[in-house]
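Chain residues, written in single-letter form:
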Amino acid sequence: MGLGGLLQMRPKMHHSRHLIFWLLKNLDTSSMRIALPRNTIVELTEASVERVLGISSSGRPLIDGGKYLSKLVKSQLCRAFRNKDAAVVPTVRDAKRILARSYTNGMSQVQRDTFMMAVAALCCAYMLGPMERSAKIPQGIWHFISNPDNLRHCNWAAYVLYVIKQAAMHVQSNIIVHPTSIRLGGCWLYLELLYLDMVDLGQYNTELVVVPRVTAYSMYKVKDLITMDEIDRKTFGARPVIHITRIKVTCTMYSRFRSLLLVRNCSGGIVRKFLWDLAH
């Protein structure tokens, strides 16, 4: 399904709305690059999404099908989630109900497919691409995830970048009209960890060879590192950035050896040491 990296995420991760706003405000949506202080560029790529979150960056792209669902899609969802009214689209509560069921006697293929749909829906509602102020399954994804075959080979990284781009465009357009409140969408966790990987925090730096990167950060560590980089409450970039060559080498070697990291713990340890030596 391509979402295995999220299973390694620490619980109750810390998020900074001010940092997310600062990053989205400075994101060039045409090139998907963020200009940082000291002439440094952070590039948002599918490969970096996979490296940070541990989700797939290849396969079928998850296309937003819009708010209006066909009768076929609605009927498929009604059968899968066993809703009484075919006109009612499954909610977060419906998806949680599927995950909370008892499957002591095993799962049929239909149950497996529905379980995948529920997991995908909740991931989009909470982590990968929330666009609303409260958790809500994006209406446009049902066209794609109502077909279980799409979920078996899905490019989740491309979807994360798509939602971040939409969120940045929304933020930048709203800044012009000076609203009292701006909605911040997109995958906050990816943006925060991608940025923190770039910041040079001296002895507090995390090992770049720990992948996916989400496993290297805890709630308290993220909070402390963000605080260390604050210039003031709403501006960041107080710390210098890590030399970009070191990050590129680590990313390249991770891509080349990521299959080896999953073979055995012993061989994985050797590869991690090799990557660490190259990165430093």
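Everything discussed here concerns the structure shown above.
Scoring rules and cut-offs
- Residues numbered from 1 in each chain as written.
- Predicted model: local features only at pLDDT ≥ 70, side-chain atom pairs only at ≥ 80, totals over all residues.
- Heavy atoms only, no water.
- Helix = DSSP H or I, 4+ residues; strand = E, 2+ residues; numbered from the N terminus.
- Buried < 20%, exposed > 50% of the residue type's maximum accessible area, 1.4 Å probe, protein only.
- Contact = heavy atoms within 4.5 Å.
- Areas by Shrake-Rupley, 256 points an atom, 1.4 Å probe, with all protein chains shown as cover.
- Phe/Tyr/Trp six-rings, centres within 6.5 Å; stacked < 30°, edge-to-face > 60°.
- Pairing = 2+ DSSP bridges.
- Axes fitted to C-alpha atoms, helices over the stretch in contact; angles between N-to-C directions.
- Parallel < 35°, antiparallel > 145°, perpendicular 65-115°, else oblique.
- Left-handed = near helix turned anticlockwise from the far one by under 90°.
- Nonpolar A, V, L, I, M, F, W, Y, C, P; charged D, E, K, R; others polar.
- Core = buried A, V, L, I, M, F, W, Y, C linked by side-chain atoms within 4.5 Å.
- Arc of directions from axis to C-beta.
- Polar contact = N/O pair within 3.5 Å; in protein donor to acceptor, adjacent residues only side chain to side chain.

S.K.: How should I be thinking about the overall build of the protein in this particular structure?
M.R.: Across its full length, the protein carries 12 helices and seven strands. Evaluated residue by residue, the protein yields a buried proportion of 45% over its 280 residues. Taking contacts inside the protein between residues at least 6 apart in sequence as the whole, the part at least 24 apart equals 72%. Counting only carbon and sulfur atoms, one obtains 55% of the accessible surface of the protein, whose full area is about 14900 Å².

S.K.: I'm lost on the packing of aromatic side chains in this one. Help?
M.R.: Any pair of aromatic rings gets described here by the distance separating the centres and the angle formed by the planes. In this structure the tally under the stated criterion is five aromatic pairs. With a centroid separation of 5.7 Å and 50 degrees between ring planes, the pair formed by tryptophan 22 and phenylalanine 236 is classed as tilted. With a gap of 214 residues between them, tryptophan 22 in helix α1 (residues 17-25) and phenylalanine 236 in strand β7 (residues 235-236) connect regions that are remote in the sequence. Judged by relative accessible area, which is 7%, tryptophan 22 ranks as buried. Between phenylalanine 81 and tryptophan 142 the ring centres are 5.8 Å apart and the planes differ by 85 degrees, which places this aromatic pair in the edge-to-face class. On the criterion of sequence distance, the pair formed by phenylalanine 81 in helix α3 (residues 71-81) and tryptophan 142 in helix α6 (residues 142-145) is long-range, its members being 61 residues apart.

S.K.: What should I look at first to understand the environment of threonine 114 in this one?
M.R.: Considering the arrangement of structural elements, one finds threonine 114 in helix α5 (residues 109-128). Here the alpha-carbon distance between threonine 114 and leucine 99, two residues 15 residues apart in the chain, equals 9.3 Å. Other than its neighbours up to four places away in sequence, threonine 114 contacts Ala80 and Ile98.

S.K.: Just to check I follow, could you spell out the pairing of strand β2 (residues 33-36) for this structure?
M.R.: Every regular strand shows the same layout, with side chains that alternate between the two sheet faces. The alternating pattern of β2 places Ile34 and Leu36 on a buried face and Arg33 and Ala35 on a face that is not buried. As paired elements, strand β1 (residues 27-28) and β2 share two bridges and run antiparallel to each other. Residue pairing for β2: leucine 27 is matched across the bridge by isoleucine 34. As judged from the four bridges shared by β2 and strand β3 (residues 40-43), these two strands associate in the antiparallel manner. Each residue of the ladder has a partner; that of alanine 35, found in β3, is isoleucine 41.

S.K.: Looking at this structure, how should I read the packing of α5 against helix α8 (residues 156-177)?
M.R.: The description of two packed helices rests on the angle between their axes and on the distance between the axes. Put simply, α5 and α8 touch, their axes get as near as 12 Å, and they point 40 degrees apart. As summarised for this structure, α5 and α8 are arranged oblique, according to the angle between their axes. Handedness of the crossing formed by α5 with α8: right-handed. Contacts between α5 and α8 involve Ala120, Cys124 and Leu128 on the former and, on the latter, Trp156, Tyr159 and Val160. Its residues placed into classes, the contact of α5 with α8 shows six nonpolar, no polar and no charged.

S.K.: Before we go on, may I ask you to explain the sheet that holds β1 in this structure?
M.R.: Ordered in space as β1-β2-β3, the three strands form an open sheet in which the pairing is antiparallel. The strands lining the two open edges of the sheet, one partner per strand, are β1 and β3.

S.K.: Would you take a moment to explain the nonpolar core for this structure?
M.R.: Within the largest apolar cluster, 78 residues are counted, with the highest numbers of intra-cluster contacts made by Leu44, Leu53, Trp142, Trp156 and Tyr190. Not counting residues within four places of it along the chain, the set of residues in contact with leucine 53 comprises Gly5, Leu6, Leu128, Cys187, Leu189, Tyr190, Pro212 and Val214.

S.K.: What's the story with helix α4 (residues 92-100) in this structure? I'm lost.
M.R.: For α4, the set of buried residues is Val92, Asp94, Ala95 and Ile98. The buried residues of α4 occupy an angular sector of 165 degrees when projected down its axis, which confines them to one face. Of the exposed residues in α4, the ones pointing more than 90 degrees away from its buried face are Arg93 and Ala100. Contact partners of the buried residues in α4: α3 and α5.

S.K.: Whenever I open this one, the side chain of asparagine 174 confuses me. Can you help?
M.R.: Inspection of the secondary structure assignment puts asparagine 174 in helix α8. Within the structure, the side chain of asparagine 174 is placed 2.7 Å from the backbone oxygen of histidine 170, a separation counted as a polar contact.

S.K.: Looking at this structure, how should I read the pairing of β3?
M.R.: Covered by surrounding structure in β3 are Thr40 and Val42 only, the residues Ile41 and Glu43 on the alternate face being uncovered. With antiparallel pairing between neighbouring strands as the criterion, β2 and β3 make up a hairpin whose turn holds three residues, including arginine 38 at a positive phi of roughly 65 degrees.

S.K.: Whenever I open this one, α1 confuses me. Can you help?
M.R.: The α-helix winds at 3.6 residues per turn, so residues separated by three or four positions along the chain end up facing the same way. For α1, the full list of buried residues reads Leu19, Ile20, Trp22, Leu23 and Leu24. Next to the buried residues of α1 lie β1, β2, α8, α9 (188-198), α10 (219-228) and β7.

S.K.: Can you walk me through the environment of alanine 47 in this structure?
M.R.: Counting through the fold element by element, alanine 47 comes out in helix α2 (residues 46-53). The exposed category is assigned to alanine 47, whose relative accessible area is 53%. In the structure, alanine 47 is positioned 111 residues away from alanine 158 in sequence and 9.4 Å away in space, judged by C-alpha atoms.

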